[in-house]
Amino acid sequence: MIIKDKIAVVTGVSRGIGKALTEQLLSKGARVFGLGRNNNEISHPDYVFIPCDVRDFISVKRTFEILFEQTQNKVDILINNAGLGYFGFLEDTSIEQWNEMQQTNVNGIFHCCKMALPGMKKNQTGHIINIASTAALEGMPKVSAYCASKWAVKGLSESLFREVRDFKIKVTCVYPGSTKTDFFRNSPDVKPHDYMLMPEDVSSSIMHAIESPDNFHTVNLEIRPLQPKGPVK
């Protein structure tokens, strides 16, 4: 896909991977609609922020109706990046924390895909990027609730890829390892550090997948830091 003049929708744009993707898409000439509860400081003529709570389908529906009015019902790239995690023993996870993870990490993707797919199918083009986690690939202690939400993202993505490939729509599920963002704000035992992945580097890998030839499809993209705890001493 040639990104110039394409319409991209990115959720969770306030910081981290979402912000980095927004900046890189803009640098390639895309028109970017950022969705989220909080904006970033990006100022660009081709960037539009629309407040949206991806957990709430009514909010998502209204948001897409607003952007469809500006794009003639067209979305070329949908990046479902919004997500969060709480960590600890399963029995210590509150019902509110469980629901927030499921509603944000899983329902949010469903809501946005539901709105974007009819136009993509009609136009016979599109690329959906779902940001999962390496927690979608393996079970981890004290991460069971978060793992459950991300395994759901993996299952949704792999099924959806097979549903829409004949409509010339790509679906890529991304599995980043620990990344230096504020993701760990709910995990006081984990402090971001320079041996983690950098959000700009994760974004660059995703951009490569988006820019691949039409018949080249990256279905799963696993990205890990080489030495997440630093050099062995």
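Residues numbered from 1 in each chain as written. Predicted model: local features only at pLDDT ≥ 70, side-chain atom pairs only at ≥ 80, totals over all residues. Heavy atoms only, no water.

### Some thoughts on the overall build of the protein
A count of helical and extended segments in the protein gives 5 helices and 7 strands. The order of helices and strands in the protein, counted from the N terminus, is β-α-β-β-α-β-α-β-α-β-α-β. Taken against the 2.2 N^0.38 rule, which gives 17 Å for 233 residues, the C-alpha radius of gyration of the protein at 17 Å falls within 12% of a compact globule. In terms of its C-alpha atoms, the protein occupies a principal-axis envelope of roughly 50 × 40 × 35 Å. When burial is assessed residue by residue, the protein has 50% of its 233 residues classed as buried. Sequence-distant contacts in the protein: of pairs separated by 6 or more residues, those separated by 24 or more amount to 66%. Of the roughly 11,600 Å² of accessible surface on the protein, a fraction of 52% belongs to carbon and sulfur atoms. For the protein, the distance from the average site of its 27 positive side-chain charges to the average site of its 25 negative ones is 3 Å. (Helix = DSSP H or I, 4+ residues; strand = E, 2+ residues; numbered from the N terminus. Rg over C-alpha atoms; globule rule 2.2 N^0.38 Å. Buried < 20%, exposed > 50% of the residue type's maximum accessible area, 1.4 Å probe, protein only. Contact = heavy atoms within 4.5 Å. Areas by Shrake-Rupley, 256 points an atom, 1.4 Å probe, with all protein chains shown as cover. Lys, Arg positive; Asp, Glu negative; His and termini not counted. Charge placed at Lys NZ, Arg CZ, Asp CG, Glu CD.)

### Things to note about the state of the cysteines
Counting across every chain of the model gives 0 disulfides. In this model C113 remains outside any disulfide bridge; the closest cysteine sulfur is found in C112, 7.2 Å from its own. This cysteine, C147, is not joined by any disulfide, and C173 carries the nearest cysteine sulfur, 13 Å off. C147 sits in the buried class, given a relative accessible area of 6%. (Disulfide = S-S within 2.5 Å.)

### Digging into the layout of surface pockets
Its volume calculated, the second largest pocket comes out at about 390 Å³. Together, 17 residues line the second largest pocket, and K168, I169, K170, D214 and N215 are the ones closest to its centre. Where the lining of the second largest pocket is concerned, the elements lending two or more residues are β5 (126-131) and β6 (169-176). For the lining of the second largest pocket, the class distribution of residues is 4 nonpolar, 7 polar and 6 charged. (1 Å grid on protein atoms, 1.4 Å probe; cavity = no way out; pocket = protein on both sides within 12 Å on 5 of 7 lines; lining within 4 Å. Points joined across faces, edges and corners; volume = space filled by probe spheres on them. Nonpolar A, V, L, I, M, F, W, Y, C, P; charged D, E, K, R; others polar.)

### Here we look at the environment of L35
Its location among the elements puts L35 in strand β2 (residues 31-36). With relative accessibility at 0%, the residue L35 sits in the buried group. With 32 residues separating them in the primary sequence, L35 and L67 have C-alpha atoms 10 Å apart. Setting aside residues no more than four positions away along its own chain, L35 makes contact with V9, V10, T11, G12, V13, F49, I50, C52, T63, F64 and L67.

### A few points about the packing of helix α1 (residues 16-27) against helix α5 (residues 199-210)
At a minimum axis separation of 8 Å, α1 and α5 run at an interaxial angle of 55 degrees. Between α1 and α5, the angle is such that the two are oblique. Pair α1 / α5 crosses with right-handed handedness. Residues G16, I17, A20, L21, Q24 and L25 of α1 lie in contact with α5, whose contacting residues are P199, E200, V202, S203, S204, I206 and M207. Residue classes in the contact of α1 with α5 are distributed as 8 nonpolar, 4 polar and 1 charged. (Axes fitted to C-alpha atoms, helices over the stretch in contact; angles between N-to-C directions. Parallel < 35°, antiparallel > 145°, perpendicular 65-115°, else oblique. Left-handed = near helix turned anticlockwise from the far one by under 90°.)

### Section: the pairing of β6
Across the 8 residues of β6, 8 count as buried, placing the element largely inside the fold. Sheet topology places β5 next to β6; 6 bridges connect them, and they run parallel. The residue of β6 that forms the bridge with H127 is K170. Taken together, β5, helix α4 (residues 144-164) and β6 form a β-α-β motif whose crossover is right-handed. Note that β6 and strand β7 (residues 220-223) share 4 bridges and pair parallel. Across the sheet, residue V174 finds its bridge partner in β7, namely L221. (Pairing = 2+ DSSP bridges. Right-handed = clockwise from strand over helix to strand, strands pointing away.)

### Regarding the pattern of salt bridges
According to the stated counting rule, one finds 8 salt bridges in the structure shown. Here K19 and E41 are joined by a salt bridge, their closest N and O atoms 2.3 Å apart. With a gap of 22 residues between them, K19 in helix α1 and E41 in the loop between β2 and β3 (47-51) connect regions that are remote in the sequence. Here E138 ties to R224 by a salt bridge, and the two come within 2.6 Å at their closest N and O atoms. Here E138, found in the loop between β5 and α4, pairs with R224, found in the segment after β7; they are 86 residues apart in sequence, far enough to count as distant. Look at R224 and you get partly exposed, because its relative accessible area is 41%. Beyond isolated ion pairs, a larger network of salt bridges with shared partners links E138, E222 and R224. (Salt bridge = Lys/Arg side-chain N within 4 Å of Asp/Glu carboxyl O.)

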